[in-house]
Amino acid sequence: MKMPKLVWLLVIGMAVNVTGASFIWPLNTIYIHNELGKSLSVAGIVLMLNSGASVVGNLIGGQMFDRFGGYLSVMTGIMVALISLVGMVVIHSWPWYPVWLILVGFGSGIVFPSIYAMAGVAWPEGGRRTFNAIYLAQNLGVALGAALGGFMADISFNIIFIANLVLFVVFFLIALFGYREAGQLHKGRKVEEVKKIVDKSRFHALLLICAAYCLCWIGYVQWQTTISSYTQTIGISLQQYSMLWAINGVLILVGQPLIRPVIRLIEDKIKTQIAVGISIFIVSFIVTIYAENFVMFVIGMVILTIGEMFVWPAVPTVANMLAPEGRVGTYQGIVNSTATLGRAIGPVVGGVIVDLYNMQVMFGVMIALLVVSFVFLKVYDRGLAK
């Protein structure tokens with residue numbers, strides 16, 4: 001089944017956007033902690049505020065999509081983020097750096113649910129393949145951005161800020177000229193025109209699956225925050241740490257044929273796909289507890305990556321299946337805000353645990369949260385069965 005042109009443009013735009021963002025997001029904690037001289041707890045709070053702004057942006061972006069269509073919502077988010085990135089290039093000392101991060105989070109937050117919702121509406125018959133294509137685009141961006149970001153950071157963080165801005169301008173141009181037809185998908189439709197939804201079971205199911213999703217992200221984000229700082233203390237270089245994320249992105253791209261037979265076996269069992277992924281997440285953290293060198297971290301990252309290939313595309317697919325007519329943007333906004341909420345809570349929880357105790361305790365807590373996520377996954381669709 002051929003992918004529509006608009007979905008291809010959404011995939012390309014996502015890849016460019018995430019490449020730029022990936023120059024810096026794996027290094028945020030290192031920049032705040034090492035370059036600006038702030039504690040891990042402070043770094044965690046800054047990233048929490050960045051993610052909190054993204055949560056608000058996600059919810060607003062989803063509502064804007066349902067009310068005004070994808071083109072206006074995407075362009076609004078891009079303009080907010082673009083202004084913030086210009087500010088980051090000009091001045092990135094304390095306390096301006098956190099200010100720009102918060103604004104970038106808000107603008108990007110508006111963009112992401114709109115892209116997911118546009119893709120779902122433009123190619124509804126694509127199912128999981130629709131969201132897997134966007135997921136692959138994101139990880140192509142992660143692979144390129146993270147690999148280049150570490151090398152650029154060794155030269156100067158200024159180069160990273162400029163490169164991020166340049167790629168975001170490219171994304172702006174792709175959206176400006178390529179996403180106009182998205183407005184036709186929702187022309188004239190408004191939220192108040194969609195009849196009131198009496199059956200709330202789909203929404204309740206969405207909230208339960210999102211609770212599991214959030215707990216997964218709290219664990220996952222430790223690789224971007226506490227683990228990133230920890231690697232510096234045991235002699236792993238910035239280039240090596242960035243290479244972990246390059247491995248993550250490349251493995252997601254080349255590993256698709258390896259997991260495809262498994263996906264086909266459980267293609268109609270989204271719940272099972274997520275359960276398999278969470279189980280693999282737990283194995284990854286168990287392995288990483290004992291990591292003391294770069295090779296062990298590579299093994300932990302490979303296992304983590306296999307887990308995310310099952311979970312991350314599955315949850316937006318569930319949201320698209322659950323969404324009633326006229327609520328696609330809202331449901332995708334909730335899913336994206338849930339992921340962002342996990343990214344917001346994770347750095348603070350992980351940073352405080354490491355500051356008060358140690359890395360081993362942090363790993364133990366994350367494993368416990370992943371076990372709890374199974375409970376939400378188990379019950380999320382019970383109301384639907386009734």
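Residues numbered from 1 in each chain as written. Predicted model: local features only at pLDDT ≥ 70, side-chain atom pairs only at ≥ 80, totals over all residues. Heavy atoms only, no water.

**With respect to the packing of helix α4 (residues 70-90) against helix α5 (residues 96-122)**
Next, step 1: Taken N-terminus to C-terminus, the directions of α4 and α5 make an angle of 160°; their axes are 8 Å apart at the nearest point. It follows that α4 is roughly antiparallel to α5 by the angle criterion. Crossing geometry of α4 relative to α5 is assigned as left-handed.
Next, step 2: Looking at side-chain class alone, the contact of α4 with α5 contains 16 nonpolar, eight polar and no charged residues. (Axes fitted to C-alpha atoms, helices over the stretch in contact; angles between N-to-C directions. Helix = DSSP H or I, 4+ residues; strand = E, 2+ residues; numbered from the N terminus. Parallel < 35°, antiparallel > 145°, perpendicular 65-115°, else oblique. Left-handed = near helix turned anticlockwise from the far one by under 90°. Nonpolar A, V, L, I, M, F, W, Y, C, P; charged D, E, K, R; others polar.)

**Quick look at helix α10 (residues 226-233)**
Next, step 1: All buried positions along α10 are accounted for by T226, I227, S228, S229 and T231.
Next, step 2: Buried positions along α10 lie against α2 (28-35), α3 (40-68), α11 (238-254), α14 (294-311), α16 (328-356) and α17 (359-379). (Buried < 20%, exposed > 50% of the residue type's maximum accessible area, 1.4 Å probe, protein only. Contact = heavy atoms within 4.5 Å.)

**A short note on the domain arrangement of the protein**
Next, step 1: Taken as a whole, the protein is organised into domain 1 (7-186) and domain 2 (199-385).
Next, step 2: For domain 1 versus domain 2, the distance between C-alpha centres works out to 19 Å.
Next, step 3: Tallying the contact residues gives 46 residues for domain 1 and 49 residues for domain 2.
Next, step 4: Across the domain 1 to domain 2 interface the summed buried area is about 3,800 Å²; carbon plus sulfur atoms make up 67%.
Next, step 5: The interface formed by domain 1 and domain 2 includes zero salt bridges. (Domains from an automatic or database assignment. Buried area = accessible area lost by both parts, 1.4 Å probe. Salt bridge = Lys/Arg side-chain N within 4 Å of Asp/Glu carboxyl O.)

**Examining the side chain of S373**
Next, step 1: Relative to the assigned elements, S373 resides in helix α17.
Next, step 2: Note on S373: relative accessible area 0%, which makes it buried.
Next, step 3: Every residue in contact with S373, bar those within four places of it in the chain, is listed here: A212, L215, C216 and I278.

**Let's talk about the environment of L341**
Next, step 1: Secondary-structure assignment places L341 in helix α16.
Next, step 2: Spatially, the C-alpha atoms of L341 and V99 are 18 Å apart, while their sequence positions differ by 242 residues.
Next, step 3: Discounting residues that sit within four places of it in the chain, L341 has contacts with V55 and C214.

**Concerning the confidence of the model for the protein**
Next, step 1: The share of residues in the protein with pLDDT of 70 or more is 93%, and the mean pLDDT across the chain is 83.
Next, step 2: Considering only residues more than four positions removed or in separate chains, one finds that residues 188-195, a stretch of pLDDT under 50, has 15 contacts. (pLDDT = per-residue confidence, 0-100.)

**What to know about the environment of S22**
Next, step 1: Examined against the element boundaries, S22 turns out to sit in helix α1 (residues 5-22).
Next, step 2: Distance from S22 to V121, taken between C-alpha atoms, is 27 Å for residues 99 residues apart in sequence.
Next, step 3: Once residues lying within four places of it in the same chain are set aside, the contact partners of S22 are G141, V142, G145 and A146.

**Concerning helix α12 (residues 256-265)**
Next, step 1: Of the positions making up α12, those classed as buried are Q256, I259 and I263. Buried residues along α12 cover an arc of 75° about the axis, so they all sit on one side. The exposed set on the far side of α12, more than 90 degrees from its buried face, consists of L258, R264 and L265. (Arc of directions from axis to C-beta.)

**Brief notes about the nonpolar core**
Next, step 1: Grouped together as the largest cluster of nonpolar side chains are 124 residues, with contacts concentrated most on I78, Y97, Y179, L206, W223, I274 and W312.
Next, step 2: Of all the elements, α5 adds the most residues to this core, at 12 residues.
Next, step 3: Each of domain 1 (7-186) and domain 2 (199-385) contributes no fewer than three residues to this core.
Next, step 4: Non-local contacts of I78, meaning those with residues more than four positions away in its chain, are made with V111, F168, F171, F172 and A175. (Core = buried A, V, L, I, M, F, W, Y, C linked by side-chain atoms within 4.5 Å.)

**A short note on the packing of α11 against α14**
Next, step 1: Look at α11 against α14: their axes get within 9 Å of each other, and the N-to-C directions meet at 35°. When the axes of α11 and α14 are compared, the crossing they make is right-handed. On α14, the residues touching Q240, M243, L244, W245, I247, N248, L251 and I252 of α11 are F294, F297, V298, M301, V302, T305, E308 and M309.
Next, step 2: When the residues that make up the contact of α11 with α14 are grouped by side-chain class, the tally is 12 nonpolar, three polar and one charged.

**A closer look at the pattern of salt bridges**
Next, step 1: Evaluated as defined, the whole model comprises one salt bridge.
Next, step 2: For the salt bridge of D381 with K271, the shortest nitrogen-to-oxygen distance reads 3.0 Å. One end of the pair, D381, is in the loop between α17 and α18 (382-385); the other, K271, is in helix α13 (residues 270-289), with 110 residues separating them in the sequence.
Next, step 3: For D381, a relative accessible area of 25% puts it in the partly exposed group.

**Here we look at the state of the cysteines**
Next, step 1: Per the counting criterion, the structure on display carries zero disulfides.
Next, step 2: Left without a disulfide partner, C214 is nearest to the cysteine sulfur of C210, which lies 8.9 Å away.
Next, step 3: C214 supplies the cysteine sulfur nearest to C216, a cysteine that is in no disulfide, at a spacing of 9.2 Å. (Disulfide = S-S within 2.5 Å.)

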